[in-house]
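Tertiary structure, described
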There are 2 protein chains.
Amino acid sequence: MKQEHKDQVQAAVDALRARFAVGKVKNFYFVACGGSQATMMPIQYMFDRETPIPSFIYTANEFNYAKPKAFGPESVVITVSHSGTTPETVAAAQTATDCGALSIAFSNVVDSPLWKAAGYPIHYDHGPETDMTDRNNAVLYDLAFSILTIIDPDQAARWEQGVADIDKVDGACKATWDIYREVAESFATANKRAPLIYTMGSGVNYGEMYSLTSCLFMEMQWIHSNAIHSGEYFHGPFEVTDYDVPFVIALSCGVTRHLDERALAFAKKFSERLLVFDEEKFDFNGIDESLHEYFAQWILGVTVRSFVDKLAHDRGHALSVRRYMWQMEY
Amino acid sequence: MKQEHKDQVQAAVDALRARFAVGKVKNFYFVACGGSQATMMPIQYMFDRETPIPSFIYTANEFNYAKPKAFGPESVVITVSHSGTTPETVAAAQTATDCGALSIAFSNVVDSPLWKAAGYPIHYDHGPETDMTDRNNAVLYDLAFSILTIIDPDQAARWEQGVADIDKVDGACKATWDIYREVAESFATANKRAPLIYTMGSGVNYGEMYSLTSCLFMEMQWIHSNAIHSGEYFHGPFEVTDYDVPFVIALSCGVTRHLDERALAFAKKFSERLLVFDEEKFDFNGIDESLHEYFAQWILGVTVRSFVDKLAHDRGHALSVRRYMWQMEY
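A few points on the structure. Here the residue numbering is sequential within each chain, running from 1 through the sequence in written order. Working convention: letters from A go to chains and numbers from 1 go to ligands, in the order in which they are written. Reporting in this predicted model follows two pLDDT cut-offs: at least 70 for local features of residues, and 80 or more for side-chain atom pairs to be given and counted; totals over whole chains, interfaces and linings ignore these cut-offs and use all residues. Just so you know, side-chain values use all the structure's heavy atoms and leave hydrogens and water out.

A few words on the interface of chain A and chain B. In this complex, chain A contributes 71 residues to the contact, which on the side of chain B involves 71 residues. Taken over both partners, the interface formed by chain A and chain B buries close to 5700 Å², and the fraction arising from carbon and sulfur atoms is 57%. On the chain A side of the interface with chain B, the three residues burying the most area are A:Lys69, A:Glu239 and A:Tyr324, jointly 13% of the side's total. Think of a salt bridge as a Lys or Arg side-chain nitrogen and an Asp or Glu carboxyl oxygen that are within 4 Å of each other. Linking chain A to chain B there are 4 salt bridges. Whether two residues are in contact is decided by their heavy atoms: any pair within 4.5 Å suffices. Buried area is understood as the total, over both parts, of accessible area removed when two parts are fitted together, assessed with a 1.4 Å probe.

The structure is reproduced here in structure tokens:
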């Protein structure tokens, strides 16, 4: 990770440490939209599991218009916007700053409106030509693990290991794609004319499935979709399952694996079109086993993206094509 | 409301009051599956808005397998299962009881497993032949407003009014259906062969849209769907909008109305198949204006159900038909 990124994370962490020392870290609000919100879902999940300090995730305008009553000067608000211009996310960061909350923001654009609205802006790089350790997930995980080191000191060694293991993710993603390339590309080709593909997952993976549904399928491919929580599948959604209804299913290597396995066992019986990413088969490239669950969703995300690259190619529908986004005012 | 239901709610409220008086109400967990979870989403939203005590909602097995660290003896856990047999919901209620948390459960079946697992079980009636004030929403709202009276005493008069206004909902639903019948039934007939219908809403209404998607469309009609949050629409999902893609959109009369209006204004331009339920046009039958937002989603739910009755009729697909649910082990 670049020193610039390290320093920006460190400044936010130092500010949090000072507040935490005087009992002024009452709750965490993760606030963003679409894919940026999805990027923080696993972090919110991790905080929910690992710390008794309440944490919440909101799409930005829900936070802005239906302000939670627990929000205040002792809150920590973490925002993400790639361009740094998403108006509702900028507004949330500004509200946090104005009320005296700790306002931390991630953006690809230095000096963007979001950058200026937050007290502690953090830059990340983007695109295949950049180092994996400088991209959004890397800086976000670095911040998250660093915060956990402070608020969960009993497991400080584990969280410090997490920071160190960020370096291993690039290798893990490459090795995992080698494992999944054939099955994922075959599924892409076989389903290139599918008008609808469901996604399913649970726990730490739900955000990645949400992102696959909302951003990759609906936004970038105009494929109808819905991110079904594995725990909800049997309580309604499973009735749409049929031989020709495709699903992409993430099997967690973490504590919610049972939910995914149960959903998969059923889906297998009635759909002939399943693409299953089983995190227990991932190559973790030496990442500490106690952190596999949390890192797996990141590796999953990179793997899913490679799958969608093939799908887009076979459909002749470039991922950059939009009919509304950036084409008009809305 | 029947005295039996009143008494059961009162017992739970008294237990909560005793705990609250000694500072032992640290957080609220709303835990259930599918439609039962959806029924509690507006309550969790209301608590989030109206009280600084953190509240969370989980599908039951996510709560069971990925236990939040803040859960403990000072938690309040509220569960719902219609039959009282949903194993994961029963397990959640039992876990709450066993650890000394306040475990409150709603079920249509007295002495069901859920009933026995919870410290404070509350019965509700079901079906068109029963009084609206004894059904699930009524007892749930009665409990919610009664709890707010305790934990938000500054607004006690408002919450007591809420309890009283439950009696007005039946009249409001009937009058509102009179307003919406024609447009809703026309939409149902026009879209009876639609393989997919999206739903969209925000804030207090999101749960109702989730229920419409997961239970009414996917489960009971085998119609593909996704409940899009109005605040997320522009951050991915809107790219699937097209002239022949149908949407059911709820326009809140509450604080998140702006999100819905913005989404609707766009959807109107590119889809010719919109069914819009505008809560500002609802007949509230004298319900206190300060409570319109919270009651509107309940009236919306009843209205939506009448719309789906017509859709099911025109499709020749009875709402009671299932191919998997209750037909086999899963």
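Residues and elements named next belong to chain A. Only DSSP runs of H or I reaching four residues or more are called helices, and only runs of E reaching two or more are called strands; each is numbered from the N terminus. As for its placement among the helices and strands, Ile122 is situated in strand 5 (residues 120-123). Buried residues are those whose accessible area, probed at 1.4 Å on protein chains only, stays under 20% of the maximum for their type, while exposed residues exceed 50% and partly exposed ones sit between those limits. Classification of Ile122 as buried rests on a relative accessible area of 0%. Once the C-alpha coordinates of Ile122 and Val110 are considered, the two residues, 12 residues apart in sequence, prove to be 8.3 Å apart. In this structure, Ile122 is in contact with Gln8, Val9, Ala12, Ile104, Ala105, Phe106, Ser107, Trp115, Val139 and Leu143, ignoring residues within four places of it in sequence.

Turning next to helix 1 (residues 3-21) of chain B. Residues and elements named next belong to chain B. One less than the residue count of a helix, multiplied by 1.5 Å, gives the span that helix is expected to have. Along its 19 residues, helix 1 runs 26 Å from first to last C-alpha, staying within 8% of the 27 Å computed at 1.5 Å per residue. Taken residue by residue, helix 1 has His5, Gln8, Val9, Ala12, Val13, Ala15 and Leu16 as its buried positions. Each buried residue of helix 1 sits inside an arc of 155° when the element is viewed along its axis, so together they form one side. Of the exposed residues in helix 1, those oriented more than 90 degrees away from the buried face are Gln3 and Ala21. Next to the buried residues of helix 1 lie strand 1 (27-32), strand 3 (75-81), strand 4 (102-107), helix 5 (113-117), strand 5 (120-123) and helix 6 (136-151). A positive phi of about 70° marks Gly23, the residue just after helix 1. This arc is built from the directions going out from the helix axis to the C-beta atoms.

Here the focus is a nonpolar patch on the surface. Patches were defined on residues exceeding 30% relative accessible area and lacking a salt bridge, with like-charge contacts within 9 Å and nonpolar side-chain contacts (Val, Leu, Ile, Met, Phe, Trp, Tyr) within 5 Å. Each accessible area is a Shrake-Rupley result for a 1.4 Å probe, and residues are judged covered by the shown protein chains and nothing else. On the surface, A:Trp326, A:Met328 and A:Tyr330 cluster together to form a nonpolar patch covering roughly 330 Å² of accessible area. On the accessibility criterion, A:Trp326 (62% relative accessible area) is exposed.

With that settled, consider unusual backbone geometry. Even without being glycine, A:Trp326 reaches a positive phi, approximately 70°. Its place among the elements puts A:Trp326 in the segment after helix 11 (292-315). We note that B:Asn285 has phi near 55°; this positive angle belongs to a residue other than glycine. Mapped onto the elements of the fold, B:Asn285 is located in the loop between strand 9 (274-278) and helix 11 (292-315). The exposure class of B:Asn285 is partly exposed, given its relative accessible area of 36%.

What follows concerns the relation of the copies chain A and chain B. The relation between the two copies of this chain is a rotation about an axis and a shift parallel to it. Superposition of the copies used a least-squares fit over C-alpha atoms from residues whose pLDDT is at least 70 in both. Note on the identical chains: chain A maps onto chain B by a rotation of 180° and an axial translation of 0.0 Å, with an RMSD of 0.0 Å. Such a combination of turn and shift is consistent with a two-fold rotation axis. Residue A:Asn226, judged by its C-alpha, is the member of chain A lying nearest the rotation axis, at 2.5 Å. Looking at chain A, 100% of its interface residues are interface residues in chain B too, so the copies touch through the same face.

So, on to the nonpolar core. Core analysis: the biggest nonpolar cluster contains 79 residues, and A:Phe28, A:Phe106, A:Leu143, A:Phe277 and A:Phe307 have the highest contact counts within it. Summarising the domain contributions, this core has at least three residues from each of domain 1 (3-151) and domain 2 (175-315) of chain A. Other than its neighbours up to four places away in sequence, A:Phe106 contacts A:Ile78, A:Thr79, A:Val80, A:Ser81, A:Leu114, A:Ile122, A:Tyr124, A:Val139, A:Leu140 and A:Leu143. Counting 75 residues, the second largest nonpolar core, distinct from the first, contains B:Ile43, B:Ala138, B:Phe187 and B:Met209. Put simply, buried Ala, Val, Leu, Ile, Met, Phe, Trp, Tyr and Cys residues joined by side-chain atoms within 4.5 Å make one nonpolar core. Each domain's limits were defined by an automated method or a database of domain assignments.

For the rest of this paragraph, the subject is the packing of aromatic side chains. Residues and elements named next belong to chain A. When two rings of Phe, Tyr or Trp (its six-membered ring) have centres within 6.5 Å they constitute a pair, described as stacked for plane angles under 30 degrees, edge-to-face for angles over 60, and tilted for the intermediate range. Within this structure, the stated rule accounts for 77 aromatic pairs over all chains. With 5.9 Å between their ring centres and 75° between their planes, Tyr180 and Phe282 make a pair best called edge-to-face. Here the residue Tyr180 occupies a position in helix 8 (residues 169-190), and Phe282 occupies one in the loop between strand 9 (274-278) and helix 11, the gap between them amounting to 102 residues. One exposure class covers both Tyr180 and Phe282, and it is buried.

Glancing now at the packing of helix 1 of chain B against helix 6 of chain B. Residue and element names in this part refer to chain B. One can describe the packing of helix 1 onto helix 6 by two numbers: an axis separation of 10 Å at closest approach and a directional angle of 30°. Considered as vectors, helix 1 and helix 6 are oriented roughly parallel to each other. Remark: the crossing between helix 1 and helix 6 carries right-handed chirality. Residues His5, Lys6, Val9, Ala12, Val13, Leu16, Arg17 and Phe20 of helix 1 form the contact with helix 6, whose participating residues are Val139, Asp142, Leu143, Ser146, Ile147, Ile150 and Ile151. Ten residue types, Ala, Val, Leu, Ile, Met, Phe, Trp, Tyr, Cys and Pro, are classed as nonpolar, four, Asp, Glu, Lys and Arg, as charged, and the remainder, Gly among them, as polar. Looking at side-chain class alone, the contact of helix 1 with helix 6 contains 10 nonpolar, 2 polar and 3 charged residues. Each axis is a line fitted through C-alpha atoms, and for a helix only the stretch in contact is used; angles between axes span 0 to 180 degrees, taken between their N-to-C directions. Under this scheme an angle from 65 to 115 degrees is roughly perpendicular, one under 35 degrees roughly parallel, and one over 145 degrees roughly antiparallel; angles in between are oblique. Crossing handedness follows the turn of the near helix against the far one: under a right angle anticlockwise gives a left-handed crossing, and clockwise gives a right-handed one.

As a further point, take the pairing of strand 3 (residues 75-81) of chain A. All names here are of chain A. The element strand 3 is extensively covered by neighbouring structure, given that 7 of its 7 residues are classed as buried. Going residue by residue along strand 3, you find Ser75, Val77, Thr79 and Ser81 tucked away on one face and Val76, Ile78 and Val80 tucked away on the opposite face as well. Between the parallel pair strand 3 and strand 4 (residues 102-107), the chain is carried across by helix 4 (residues 87-99), and the sense of this crossover is right-handed. Throughout, right-handed denotes a crossover for which the path from the first strand over the helix to the second runs clockwise when the strands point away from the viewer.

All names here are of chain A. Position of Gln44 relative to the elements: it lies in helix 2 (residues 34-50). With 224 residues separating them in the primary sequence, Gln44 and Lys268 have C-alpha atoms 31 Å apart. For Gln44, the contacting residues outside a window of four places in its chain are Phe30, Ser55, Phe56 and Ile57. Contacts described as polar in this section are N or O atom pairs within 3.5 Å, which, within protein, must combine one atom able to donate a hydrogen with one able to accept it, while residues neighboring in sequence count only if both atoms come from side chains. Polar side-chain contacts of Gln44 include one of 2.9 Å to the backbone oxygen of Ser55.

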